[in-house]
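# Overview (structure and organization)
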Amino acid sequence: MPWILEKECIACKKCVKRCPADAISMSKGKAIIDGHMCIYCGKCVKVCPVHYTEG
């Protein structure tokens, strides 16, 4: 599963717009993934301008 680095999130909302499952929302200026809705496609990771980790 792609992981969002909440401390590093710059609130660009690119991942929110790209998510085909609408599993990402913004809370307090940070992106949050709903693990129950996520389909693990990784599209959010590919558009994120911040470095990320997987696993």
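Our structure is the block above this text.
Notes on the structure in this doc start here. (Residues numbered from 1 in each chain as written. Predicted model: local features only at pLDDT ≥ 70, side-chain atom pairs only at ≥ 80, totals over all residues. Heavy atoms only, no water.)

For the rest of this paragraph, the subject is the overall build of the protein chain. Of regular secondary structure, the protein chain possesses two helices and four strands. Each helix and strand of the protein chain, ordered N terminal to C terminal, gives the series β-α-β-β-α-β. Residue burial in the protein chain is summarised as follows: out of 55 residues, 25% are buried. Contacts spanning at least 24 positions in sequence make up 50% of the contacts within the protein chain whose residues lie at least 6 apart. Accessible surface for the protein chain amounts to roughly 4,100 Å². Of this, 54% is attributable to carbon and sulfur atoms. (Helix = DSSP H or I, 4+ residues; strand = E, 2+ residues; numbered from the N terminus. Buried < 20%, exposed > 50% of the residue type's maximum accessible area, 1.4 Å probe, protein only. Contact = heavy atoms within 4.5 Å. Areas by Shrake-Rupley, 256 points an atom, 1.4 Å probe, with all protein chains shown as cover.)

Before going further, it helps to examine the nonpolar core. Residues Cys 9, Cys 15, Cys 19, Ala 21, Ala 23, Ile 24, Ala 31, Ile 33, Cys 38, Cys 44 and Val 45 constitute the largest nonpolar core, which totals eleven residues. Counting residues per element, the ones that place at least two in this core are strand E3 (30–33) and helix H2 (43–47). (Core = buried A, V, L, I, M, F, W, Y, C linked by side-chain atoms within 4.5 Å.)

This part takes up empty space enclosed by the protein. Inspection of every chain in the model, using the stated rule, returns two cavities of 30 Å³ or more. Space inside the second largest cavity adds up to approximately 90 Å³. Around the second largest cavity, the lining comprises 14 residues; the ones closest to its centre are Cys 19, Ile 24, Cys 38, Cys 41 and Cys 44. Split by residue class, the lining of the second largest cavity holds twelve nonpolar, one polar and one charged. (1 Å grid on protein atoms, 1.4 Å probe; cavity = no way out; pocket = protein on both sides within 12 Å on 5 of 7 lines; lining within 4 Å. Points joined across faces, edges and corners; volume = space filled by probe spheres on them. Nonpolar A, V, L, I, M, F, W, Y, C, P; charged D, E, K, R; others polar.)

Let us now look at the pairing of E3. Going residue by residue along E3, you find Ala 31 and Ile 33 tucked away on one face and Lys 30 and Ile 32 left uncovered on the opposite face. Pairing of strand E2 (residues 24–27) with E3 involves four bridges; the strand directions are antiparallel. Opposite Met 26, over in E3, you have Ala 31 as the bridge partner. Taken together, E2 and the strand that follows it, E3, pair antiparallel across an intervening segment of two residues, in which Lys 28 is found at a positive phi of about 55°. (Pairing = 2+ DSSP bridges.)

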